[in-house]
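Residue-level structure breakdown
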Amino acid sequence: MVWYPLLGYGIFWIGLIASIVIYASMRKWYPMMYLISVCLYLFTVAYVIDVFDFAREGILLTLAFSAIVMIGLGMYLSSKFRK
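Throughout, a residue's number is its position along its own chain's written sequence, starting from 1. Since the coordinates come from a predicted model, pLDDT governs what is reported: local features require at least 70, and pairs of side-chain atoms require 80 or more to be given and counted, while whole-chain, interface and lining totals use all residues. Heavy atoms throughout the structure, all of them, feed into the side-chain values; hydrogens and water do not.

1. Digging into unusual backbone geometry
We note that Arg 27 has phi near 60°; this positive angle belongs to a residue other than glycine. Examined against the element boundaries, Arg 27 turns out to sit in the loop between α1 (3-26) and α2 (30-51). A positive phi angle, close to 50°, is found at Asp 53, a residue other than glycine. You can see Asp 53 is positioned in the loop between α2 and α3 (56-80). Where helices and strands are cited, they refer to DSSP runs of H or I of at least four residues and of E of at least two residues respectively, numbered from the N terminus.

2. Brief notes about the side chain of Thr 62
By the element assignment, Thr 62 lies in helix α3. Burial classes: relative accessible area under 20% of the type maximum marks a residue as buried, over 50% as exposed, and values in between as partly exposed (1.4 Å probe, protein chains only). Residue class for Thr 62 comes out buried when judged on its relative accessible area of 15%. Polar contacts, as used here, are pairs of N or O atoms within 3.5 Å; protein pairs need one atom able to donate a hydrogen and one able to accept it. Residues neighboring in sequence count only if both atoms are side-chain atoms. Of the polar contacts made by the side chain of Thr 62, one reaches the backbone oxygen of Gly 58; its length is 2.7 Å. In what follows, a contact means two residues having at least one pair of non-hydrogen atoms within 4.5 Å. In contact with Thr 62, not counting residues within four places along its chain, are Val 48, Ile 49 and Phe 54.

Quick look at the structure:
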C-alpha cells in the first residue's frame, strides 16, 4: 500500500503537464480528454490492484478483464456512433 499514493501523484502530475502541453500545441479538447481517460484508467487499475493486494495471477486477471471491458466498450461505442 506504500506505492499507490506515489503512483497516483505521479500519474496526476504527468497527466496534468502533458495535457497542458497538448492543449497549448493543438488548441483542441479531444486529445486532452483521451489523455485524461488514460490517466484515470491507470489510476483505477492501480487502485484496485493495491487495495485488494493481488498476487501475480490476480494482477494479470484484473488487467485482462479491464482490457476485455475496454475493447467491448470501444466496439459498442464505435458501432453506436457510426455515421
